[in-house]
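Okay, here's what each chain looks like letter by letter:
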Amino acid sequence: MDKNYDPKAVEAKWYPWWEQHGCFHDEPGRGGAPYAVVIPPPNVTGILHMGHALNQTIQDVLVRWHRMRGDNTCWVPGTDHAGIATQNVVEKALRKEGKRRQDLGREAFVERVWEWKRQYGGTIVHQQRKLGNSTDWQRERFTMDEGLSAAVAKVFCDLYDEGLIYRGNYIVNWCPRCGTALADDEVEHEPNEGYLWYVRYPVAGSEGEFVTVATTRPETLPGDTAVAVNPSDARYAHLKGKKVILPLVGKEIPVVFDDYVEKDFGTGVVKITPAHDANDFAVGQRHSLPQVDVMNGDGTMNALSGYEGMDRFACREAIVKDLEKGGYLVKVEPYQNQVGHCYRCHTVVDSRLSKQWFVRMKPLAQPAIEAVRKGEIAIQPKRWESVFFNWMENIRDWCISRQIWWGHRIPVYTCRACGHEWAAPEKPAACPTCGAAAIDQDPDVLDTWFSSWLWPFTVFGWPKQTADLAFYYPTADLITAADILFFWVARMMMAGYHFMGKPPFKNVILHGIVRDAQGRKMSKSLGNSLDPLEIIEKYSADALRFSLALITSMETDTKVDMGKFEIGRNFGTKLWNAARFLQMNAEKLPGFSFADHAGGGLALDPALLRDDDRHLLLKAHRTCAALNAALAKYRIQDGALAIYDFAWTDFCDWYLEYAKADLNAPDAPRRRQTLAILAHVYGQILRLLHPYMPFVTEEIWHQLGYCAEDATIMRAPYPTGCDDAHLAAWGLTEDVLAYVETKRDLITGIRALRAEAGLPPALNVRVLLHPATDALRERLARDADTLKTALRAQAIDLVDAPPAAPMPTKLLRAGAAYLPLDGLVDAKAEADKLDKEIAKLQGFLDGVNAKLNNQAFVSKAPAPIIQNQRDRKAELEAQLATLHARRAAL
RNA sequence: GGGGGAUUAGCUCAGUUGGUUAGAGCGUCUGCUUGACAUGCAGAAGGUCACUGGUUCGAGUCCAGUAUCUCCCACCA
């Protein structure tokens, strides 16, 4: 093995190898329990960001774990056609050529987008491969694939025929830049530092009487068709039946009375603009007010406004100026309100009256709500359930039409001859009612989410009843950040129940989002994004994955900075070097084969087993259990911590060092058995870790020869630990664990004692230990060799009594340790140290005594807890006695 | 306006049903070119678990309130 691990070469080698060898692919017929996951399809325009890296690391860990457990796994990749986003990208390119999409015409433009997709749409799926995702690329889907498009059309027609889709003139969110309607959840509200303009509306037929209205959007004033006051507002009761004169325009509009108006806000009088505000629209409906649209779709003012052609914000200023000139402006106050922005281009959205298609959501939401209530679908972390219920129970109809060209065109047709309107999955040749051939298709396309809400079953071929669909649906886990809980997750549930009669998945696992070191969202405009590809380039994909897994909690967002990825990189290096160590030692043992230790049973001679071996085997056993338990609960971080700690601390820091002596021992069976244990446990580590760090584990697995060249660790069984028979035969008990921990505490303590005394490492001074118990004395005496090794030839003298001379002292679990330093002892420093230690222990003892003297504690606490305290008291008293004796001896 | 989350070492975070002396990584300090590894090894320092009450024999953990920060939802112009 090379001295240095070269992740770039290794990662570039294994991914295509896996893909070519079909390692990511399973078939329904192969056997094994189904474990299916559909990836949240990234936008086809997208490039890989940290959110993807985190999301897909979690998925891949779970998928690889299930695969190694023998499940029939299927992780479906793909991309979303991302209507508005993709159209924007292509339009931008067109603009560089000085063209608009209208110059090309619809058909040519859509062809142009397809061309773009063919050329650049593969970017993100190639980037995903760098992460090591074990997605089944043979099953890759695109939301505008033929099959998926057919499914979308069918779904639209079914809902249309069921009356769950309707069209109507309503106020929708309108992005003037994109020139299309948006769904409610596609609008992001942000605080805006604006103004509240107070404007006088003269009361018609009065002598100079007026009402003052407060508005944040004066440019909509020409569209006012009423002013409204609260019916219980005494200040304005006398205006009943009156009209006011719309400033600048001069027309008379009525005063209406409506509960919607808050008496305490502003002046208590609201201008009503039914065509440009959702509330005003509702008020207008209740009072049969006309709707006057004063704007064009591109955000400029139209002829009805009197400011034709002017941009809406320029118009705002112009109107304010004109109001001021006309003496209508009373005052201006700074005012903070929430303003909606387009989630795609961040333009301020307008509320616009227009004819759009909607899906009735209440009937669709009901089964999904019940499913979560019943636990048929579990949302984790559980606290998201209340968020989910809150949204679902107050769900509003979904505006699904978009006035763009890229997407699934709405399959609704109108006959020019007879006016008949109908929905059909295939473009009809003639009107079914009158037979006329002149028919028009609705020009709009569907919201992107109208195809992705079908993703969990359309990727398996629905509406065809395929073997994949039968086997893999419902899928198992849906893993995503919570930000698309409503956009996507909730709607998939609705579609799943409505069209399949079954849930789309059993578990929804919501993780946090990745933030920068200051906790800010990563964004292009802030320039604080980390690029996963750059991290892979610098540290490796394994490092990226492992570090993310290690620092990510399901409960909260994750803050990252470049330095975090050193954890994973260093861990990979550590593993690599441990492998080199094993290989070097294996070469010295002719006939030794790692393949014999790739799993299955481990043949050991119990007579040769020592406590440190047992300790390692037991910790390995527990680590296997910990990983499986953690992954079963989606505790990715817990699993990462468990394997990291075991591999680094127990295996490398302690056992490898311990094993060095045995590996050089004269007796061959001893050498062989120690290496067998190392190979066995190291093989477990590689397999346990593989879901997190697929590349380095595969490389080492092959380098050491755990498997044949054409095999893969991907299909090696995931370790589950020892069976009870081996635990018993090898004597893997709690007692062994405790003893080795005590021994480690002793070794660490003596190292510290030496370090504190400032002894040069080469200076060999005998250390005295007065063991805490006779049993320990015997056991430590038998372990003298290993202790000596761990302490670098530093011997420990087990003594029967504390030494008389003053010398540095340290209390350890194993007993009191002393460092004989004739004449070199700084009595003052030593006394201070002892006093400090005595004070500390006395504090603990006081606490313990207080508990034991507390009648309530003794009578109410469980017996084992009380016994603990009694043991603790005895221990502390013995330790204090020792310390006091040392103090006196100084 | 409604709801959720967070607050533990200088920093980023663990801490599973309440129970010995609250942990890790990074950073800091000290000492080590040890035949796997300086991307490393051996040590050390560093915490009133945001605050105030409550429940309990016992609270980082459960409850209530307060503060600060954050996210989501919502039609106060």
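Bear in mind that the values here come from a model prediction, so they are computed numbers and not experimental data.

### With respect to the overall build of chain A
Then comes step 1: Tallying secondary structure elements over chain A gives 29 helices and 29 strands in all.
Then comes step 2: The C-alpha radius of gyration of chain A comes to 37 Å, more than 25% above the 29 Å expected for a compact globule of 890 residues.
Then comes step 3: Taking the principal axes of its C-alpha atoms as reference, chain A extends roughly 115 × 65 × 55 Å.
Then comes step 4: Counting every position in chain A, which comprises 890 residues, the buried fraction comes to 54%.
Then comes step 5: If you take every contact in chain A between residues at least 6 apart in sequence, the share linking residues at least 24 apart comes to 77%.
Then comes step 6: Put simply, chain A has 104 plus and 112 minus side-chain charges, and the middle of one group is 1 Å from the middle of the other.

### Structural notes on unusual backbone geometry
Then comes step 1: A cis amide bond links glutamine 380 to the next residue, proline 381, at an omega of -10 degrees.
Then comes step 2: Locating proline 381 in the fold gives a position in the loop between strand S15 (378-380) and helix H11 (384-393).
Then comes step 3: Residue proline 463 is bonded to the preceding tryptophan 462 through a cis peptide linkage, with omega at 10 degrees.
Then comes step 4: Its place among the elements puts proline 463 in the loop between helix H13 (455-458) and helix H14 (467-472).
Then comes step 5: One non-glycine residue, serine 288, lies in positive phi territory at about 50 degrees.
Then comes step 6: Along the polypeptide, serine 288 turns up in the loop between helix H8 (278-286) and helix H9 (312-325).

### Overview of the protein's contact with RNA strand B
Then comes step 1: Glu262, Phe265, Tyr335, Thr573 and Lys860 are the nearest of the 56 residues found near RNA strand B.
Then comes step 2: Atoms of RNA strand B within 4 Å of the protein belong to the sugar or the phosphate in 59% of instances, the rest to bases.
Then comes step 3: In this structure, aspartate 653 approaches RNA strand B through a side-chain N or O atom, which is 3.2 Å from a phosphate oxygen.
Then comes step 4: In this structure, a sugar or linking oxygen belonging to RNA strand B sits 3.0 Å away from a side-chain N or O atom of arginine 751.
Then comes step 5: Of all the elements in the fold, those that place two or more residues in the surface near RNA strand B are strand S8 (210-215), strand S13 (329-342), helix H18 (565-587), helix H20 (636-663), helix H24 (734-757), helix H28 (855-860) and helix H29 (863-889).
Then comes step 6: Among the elements that take part in the surface near RNA strand B, H18 stands out by supplying 10 residues, more than any other.

### Focus: the state of the cysteines
By definition, a disulfide links the sulfur atoms of two cysteines through a covalent bond.
Then comes step 1: A full pass over the atoms with the stated rule returns 0 disulfides.
Then comes step 2: Of all cysteine sulfurs in the structure, the one in cysteine 431 sits closest to cysteine 157, which takes part in no disulfide; the separation is 15 Å.
Then comes step 3: Of the residues examined, cysteine 157 reaches a relative accessible area of 5% and is grouped as buried.
Then comes step 4: Cysteine 175 provides the cysteine sulfur closest to cysteine 178, a residue in no disulfide bond, and the two sulfurs are 3.6 Å apart.

### What about helix H21 (residues 668-689)?
Then comes step 1: Relative to the 32 Å expected for 22 residues at 1.5 Å per residue, H21 spans 31 Å between its end C-alpha atoms, a close match to the ideal helical length.
Then comes step 2: Burial analysis of H21 places 18 of its 22 residues in the buried class, which makes it a mostly covered element.
Then comes step 3: By the N-cap criterion, in which a side-chain oxygen at the helix start approaches the backbone nitrogen of a residue two or three places on, H21 is capped by aspartate 667, the distance to arginine 670 being 3.2 Å.

### Re the sheet that holds S8
Then comes step 1: As summarised here, the arrangement of the 3 strands in space is S8-S7-S13, forming an open sheet in which the pairing is antiparallel. Each end of this open sheet is capped by a strand with a single partner; those strands are S8 and S13. On average, adjacent strands in this sheet sit at an angle of 20 degrees to one another, irrespective of strand direction.
Then comes step 2: When strand S7 (residues 187-202) meets S8, the two strands line up antiparallel, connected through 6 bridges. Within S8, the residue paired with tryptophan 197 across the bridge is threonine 215.

### Focus: the nonpolar core
One broad rule of soluble globular proteins: the nonpolar side chains tend to lie buried together.
Then comes step 1: One finds Tyr682 and Tyr692 to be the most contacted residues of the largest nonpolar core, which totals 109 residues.
Then comes step 2: Looking at this core, the element that brings in the most residues is H20, giving 12 residues.
Then comes step 3: Counting 66 residues, the second largest nonpolar core, distinct from the first, contains Val412, Ala482, Met500 and Val508.

### Quick notes on the sheet that holds strand S29 (residues 815-818)
Then comes step 1: With mixed pairing, the 4 strands of this open sheet are ordered in space as S27-S26-S29-S28. The outermost strands of the open sheet, each flanked by one partner alone, are strand S27 (796-798) and strand S28 (809-812). Taking each pair of neighbouring strands and ignoring which way they run, the sheet shows an average axis angle of 25 degrees.
Then comes step 2: As paired elements, S28 and S29 share 4 bridges and run antiparallel to each other. Within S29, the residue paired with threonine 809 across the bridge is tyrosine 818.

### Side note on the packing of aromatic side chains
The geometry of an aromatic ring pair is captured by the separation of the ring centres together with the interplanar angle, meaning the angle of the planes.
Then comes step 1: Enumeration over the complete set of coordinates arrives at 46 aromatic pairs.
Then comes step 2: Judged by centre distance (6.3 Å) and plane angle (75 degrees), the ring pair of tyrosine 15 and tryptophan 18 falls under edge-to-face. One end of the pair is tyrosine 15 and the other is tryptophan 18, both in helix H1 (residues 7-20) and 3 residues apart, which spans about a single turn. The residues tyrosine 15 and tryptophan 18 share a single accessibility class, namely buried.
Then comes step 3: Judged by centre distance (5.9 Å) and plane angle (55 degrees), the ring pair of tryptophan 462 and phenylalanine 499 falls under tilted. Here the residue tryptophan 462 occupies a position in the loop between H13 and H14, and phenylalanine 499 occupies one in helix H15 (residues 485-500), the gap between them amounting to 37 residues. Taken as a pair, tryptophan 462 and phenylalanine 499 share a single burial class, namely buried.
Then comes step 4: An aromatic cluster is present here, built from Phe156, Tyr160, Trp357, Trp398, Phe450, Trp453, Phe457, Trp462, Tyr473 and Phe499 joined pairwise through their rings.
Then comes step 5: Here the basic side chain of lysine 117 rests over the ring of phenylalanine 142, its NZ or CZ set 4.1 Å away from the ring centre.

### Things to note about the packing of helix H10 (residues 362-374) against H11
Then comes step 1: Axis separation between H10 and H11 bottoms out at 10 Å; the angle between their running directions is 160 degrees. Classified by the angle their axes make, H10 and H11 are roughly antiparallel. Where H10 crosses over H11, the two elements pack in a sense that is left-handed. Facing Lys362, Ala365, Ala368, Ile369, Val372 and Arg373 of H10, the residues of H11 in contact are Glu385, Phe388, Phe389, Met392 and Glu393.
Then comes step 2: Of the residues that constitute the contact of H10 with H11, the class distribution is 7 nonpolar, no polar and 4 charged.

### A few points about a positive patch on the surface
Then comes step 1: Taken together, the side chains of Lys92, Arg95, Lys96, Arg177 and Lys524 present a region of like positive charge at the surface.
Then comes step 2: Examined against the element boundaries, lysine 524 turns out to sit in the loop between strand S24 (514-515) and helix H16 (532-539).

### Some points on the environment of valine 858
Then comes step 1: In this fold, valine 858 is placed in helix H28.
Then comes step 2: Residues valine 858 and arginine 217 lie 641 residues apart in sequence; the distance between their C-alpha atoms is 72 Å.
Then comes step 3: When near neighbours in sequence (up to four residues on either side) are disregarded, valine 858 contacts Lys851, Leu852, Ile866 and Arg870.

### Some thoughts on the pattern of salt bridges
Then comes step 1: Inspection of every chain in the model, using the stated rule, returns 56 salt bridges.
Then comes step 2: For the salt bridge of aspartate 468 with arginine 139, the shortest nitrogen-to-oxygen distance reads 2.9 Å. In this pair, aspartate 468 sits in helix H14 while arginine 139 sits in the loop between helix H6 (123-131) and strand S4 (141-142), placing the two residues 329 residues apart along the sequence. For the pair aspartate 468 and arginine 139, one class covers both residues: buried.
Then comes step 3: Among the salt bridges present, the one from aspartate 447 reaches arginine 402, with a minimum N-O distance of 3.2 Å. Within this pair, whereas aspartate 447 is found in the loop between strand S21 (445-446) and helix H12 (449-452), its partner arginine 402 is found in strand S17 (residues 401-402), the two being separated by 45 residues in sequence. For the pair aspartate 447 and arginine 402, one class covers both residues: buried.
Then comes step 4: Connected via shared salt-bridge partners are Arg217, Glu219, Arg316 and Asp350.

What counts and how
Residues numbered from 1 in each chain as written. Chains lettered and ligands numbered in written order. Predicted model: local features only at pLDDT ≥ 70, side-chain atom pairs only at ≥ 80, totals over all residues. Heavy atoms only, no water. Helix = DSSP H or I, 4+ residues; strand = E, 2+ residues; numbered from the N terminus. Rg over C-alpha atoms; globule rule 2.2 N^0.38 Å. Buried < 20%, exposed > 50% of the residue type's maximum accessible area, 1.4 Å probe, protein only. Contact = heavy atoms within 4.5 Å. Lys, Arg positive; Asp, Glu negative; His and termini not counted. Charge placed at Lys NZ, Arg CZ, Asp CG, Glu CD. Near = heavy atom within 4 Å. Polar contact = N/O pair within 3.5 Å; in protein donor to acceptor, adjacent residues only side chain to side chain. Disulfide = S-S within 2.5 Å. Expected span 1.5 Å × (residues − 1). Pairing = 2+ DSSP bridges. Axes fitted to C-alpha atoms, helices over the stretch in contact; angles between N-to-C directions. Core = buried A, V, L, I, M, F, W, Y, C linked by side-chain atoms within 4.5 Å. Phe/Tyr/Trp six-rings, centres within 6.5 Å; stacked < 30°, edge-to-face > 60°. Lys NZ or Arg CZ within 6 Å of the ring centre and 35° of its normal. Parallel < 35°, antiparallel > 145°, perpendicular 65-115°, else oblique. Left-handed = near helix turned anticlockwise from the far one by under 90°. Nonpolar A, V, L, I, M, F, W, Y, C, P; charged D, E, K, R; others polar. Patch = residues over 30% accessible without salt bridge, like charges linked within 9 Å, V, L, I, M, F, W, Y side chains within 5 Å. Areas by Shrake-Rupley, 256 points an atom, 1.4 Å probe, with all protein chains shown as cover. Salt bridge = Lys/Arg side-chain N within 4 Å of Asp/Glu carboxyl O.

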